[in-house]
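If you want the building blocks of each chain, they are given just below.
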Amino acid sequence: MKHWRDGCPDNAHPLYREKRCTLKATPFEPRILAFLCNWCSYAGADLAGVSRLQYPHNIRVIRVMCSGSVSPHHLLRAFRKGADGVLVAGCHIGDCHYLKGNYMTLKRVRFMEEMLRFAGFDPARLRLEWISAAEGIRFAEVVREFTATVKGLGPMPSFDAVPRAFAMG
Amino acid sequence: MKTTIERLIREGLVDAFWAYRSFRDCHFPWLFTQEDLHHLEPWRQTDVRFPIVKLLLASARENPEKTYGILVRGCEERGIEELFKWNQLKRERVVILGQACSKSLAAKCECRKPFPDRLQYGEAVAPVMESKKLRELEQMTMESLHEWWLAHLNRCIRCFGCRDVCPVCFCIECSLEHTDLIPGTILPPDASFHLLRAIHMGGRCIDCGLCEEICPAHIPLRSLHKKVNGLVRETFGYTPGDGNKSPFTLLGDVSELPSLSRRT
């Protein structure tokens, strides 16, 4: 299996970097951050694991107690820190362990997507999915699909400002 | 204005009144109390705006048991209404007098409601419903938008003026100062600074435009916040500053949720 650092020269170990210099450039491997809710989606991911379903290794999972606890702060920070895509997954509407936590998620992520679009980032980099504890197959499918989408979009554009010359135009 | 404020203070209906006085033709906000009633002037229309709601909020926080009066424009009235909703001011502790904005100011601000509901002074002028700049921006492609925004945000000097002047930024502790959330060591701050502020303004921004007016780097923050307001209006059917309850303070019903599928 490929190591996840292979696609990212910044974080790579010096040894890896050396290898990259001598070999030809590796294809772009997106880094995807996933916020999975403890009660449904994380269990879903677990099920995908124990069922030995194959899905891309580009995903790094953060378990949260509820998808509603994922704030725009976290999403922006993820993108700023170099995530090429962010997946937020929670229980289906009506199944939330905290009754209405995922209502918040839905409102927030929809809003966030439009903001990203307006700021010039592709909203497809942010994805919201409802995955229950029984949907291991669906989890693998979503990760596969999302990885392909983000791979198509390429690396996340920078949050850092451009040279001052542009600013006057 | 002079007689009304004098009457309010003399009768003890308000303890102090935020209005304006002038010095050599320069207009500035002033807290009138029993002692300086002789400084009161007759009302006149001006195009200069001040963060008078912020001043009111500060003085109300200092003396929560006192009643304050305030002379407001349309935007400032919306700001106060929003502060009532978020439990920052008490309705029974604020007495509002309204003044209308001039036509030129309304045009300059692209104001959707250049007059308060409680209008006492001046004539209400026609609102300006559309923002030219926002329409231009919405027609741009994603790449050029990205470039355009970064080019403007590049000038930010992190003075926090936009936050400090904003009438609805009432938090005591601000996430913009949190270095775990926003990198604190680089200048200009990256785009997440203003994006985060814009997201916080969702359902709160009353579209007064003071942030853009005060920005020393002339960052077009107004367009960003107008867009946020447009999104809130589209998604939740809510305009900050009106009499309705904010959907951001409620969990609500399934029927009020936006659709799961993304708009393309």
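Reading the values: rules and limits
Starting afresh in each chain, residues are numbered from 1 along the sequence in its written order. Chain A is the first chain written and ligand 1 is the first ligand written, with later ones labelled in order. It should be noted that, the model being predicted, local features are given only for residues of pLDDT at least 70 and side-chain atom pairs only at 80 or more, the latter also being counted only at that level, while totals for whole chains, interfaces and linings use all residues. Computation of side-chain values: all heavy atoms of the structure, hydrogens and water removed. The predictor rates its confidence in each residue with pLDDT, a number between 0 and 100. In this description a helix means any DSSP run of H or I spanning at least four residues, a strand means any run of E spanning at least two, and both kinds are numbered starting from the N terminus. Here, two residues are considered to be in contact whenever any of their heavy atoms come within 4.5 Å of each other. To estimate how far a helix should reach, multiply one less than its number of residues by 1.5 Å. Throughout this description, buried means an accessible area under 20% of the type-specific maximum (1.4 Å probe, protein chains only), exposed means over 50%, and partly exposed covers the range between. At least two bridges found by DSSP between two strands is the condition for calling them paired. Note on geometry: axes are C-alpha line fits, over the in-contact stretch for helices, and angles between N-to-C directions span 0 to 180 degrees. The scheme is simple: roughly parallel for angles under 35 degrees, roughly antiparallel for over 145, roughly perpendicular for 65 to 115, oblique for anything else. Crossings are classed by handedness, with left-handed meaning an anticlockwise turn of the near helix from the far one by less than a right angle and right-handed meaning a clockwise turn. Residues were grouped as follows: Ala, Val, Leu, Ile, Met, Phe, Trp, Tyr, Cys and Pro as nonpolar; Asp, Glu, Lys and Arg as charged; and all remaining residues, including Gly, as polar. We define the nonpolar core as a collection of buried residues of types Ala, Val, Leu, Ile, Met, Phe, Trp, Tyr and Cys that are connected through side-chain atoms lying within 4.5 Å of one another.

On to the confidence of the model for chain A, then. All names here are of chain A. For chain A, the mean per-residue pLDDT works out to 82, and 80% of the residues sit at or above 70. Of all helices and strands in chain A, the one with the weakest mean pLDDT is helix α6 (residues 164-167) (43), whereas strand β1 (residues 32-37) scores best (95). Segment residues 163-169 is flagged for pLDDT under 50; beyond a separation of four residues in sequence, or across chains, it makes 8 contacts in the model.

Residue and element names in this part refer to chain B. When the terminal C-alpha atoms of helix α3 (residues 74-85) are compared, their 17 Å separation across 12 residues agrees well with the 16 Å that a helix rising 1.5 Å per residue should span. Within α3, 12 of the 12 residues are buried, leaving the element largely enclosed by the surrounding structure. Residues of α3 that are buried sit in contact with β1 (16-23), α2 (52-62), β3 (68-72) and β4 (94-99). One or two steps after α3, the chain reaches N87, where phi turns positive at roughly 60 degrees.

Here we come to the sheet that holds strand β4 (residues 126-130) of chain A. Residues and elements named next belong to chain A. The strand order across the open sheet formed by 4 strands is β2-β1-β3-β4, and the pairing between neighbours is parallel. Looking at strand neighbours, the two that pair on one side only are β2 (59-64) and β4, the edges of this open sheet. Strand-to-strand, the axes of this sheet are offset by a mean angle of 20 degrees, without reference to chain direction. Where β1 and β2 come together, 6 bridges link them in parallel fashion. By the bridge assignment, L33 is partnered in β2 with R60. Contacts from helix α3 (residues 72-80) reach β1, β3 (85-90) and β4 within the one sheet, and its direction differs from that of β3 by about 150 degrees. Sheet strands touched by helix α5 (residues 136-153): β1, β2, β3 and β4. Its angle to β4, the strand with the most contacts, is close to 165 degrees.

In a beta sheet, neighbouring strands pair by backbone hydrogen bonds and run either parallel or antiparallel. Residue and element names in this part refer to chain B. A sheet is described by the order of its strands in space; here 5 strands give the open sequence β2-β1-β3-β4-β5, paired in mixed fashion. Both outer strands of the open sheet, β2 (26-32) and β5 (119-121), are each paired with one neighbouring strand and no more. Ignoring strand direction, the axes of neighbouring strands in this sheet form an average angle of 40 degrees. Sheet topology places β1 next to β2; 7 bridges connect them, and they run antiparallel. By the bridge assignment for β2, A19 is matched with W30. Together, β1, β2, β4 and β5 form the strand contacts of helix α1 (residues 2-10), whose direction differs from that of β1 by roughly 145 degrees. Most of the contacts of α2 go to β3, to which it runs at about 175 degrees, and overall it touches β1, β2, β3 and β4.

Following both chains from N to C, one finds α3(A) and helix α8 (residues 192-201) of chain B inclined at 160 degrees, their axes separated by 10 Å at the closest point. When the interaxial angle is binned, α3(A) and α8(B) end up roughly antiparallel. Seen along the crossing, α3(A) lies across α8(B) with a hand that is right-handed. Along its contact with α3(A), which presents A:P72, A:H73, A:L76 and A:R80, the element α8(B) presents B:S192, B:L195, B:L196, B:I199 and B:H200. For the contact of α3(A) with α8(B), the residue count by class is 5 nonpolar, 3 polar and 1 charged.

Moving on to the nonpolar core. Ranked by size, the top nonpolar core spans 56 residues in total, and within it A:F35, A:L75, A:V86, A:M115, A:L126, A:F159 and B:W149 carry the most contacts. In contact with A:M115, other than residues within four places in its own chain, are B:L195, B:A198, B:I199, B:L224, B:V228 and B:L231. Counting 32 residues, the second-largest nonpolar core is a separate cluster that includes B:L8, B:A19, B:Y20 and B:L37.

All names here are of chain B. Of note, the phi angle at R24 is positive, near 50 degrees, even though the residue is not glycine. Mapped onto the elements of the fold, R24 is located in the loop between β1 and β2. The backbone of D25 sits at a positive phi, close to 70 degrees, despite the residue not being glycine. Residue position: D25 is located in the loop between β1 and β2.

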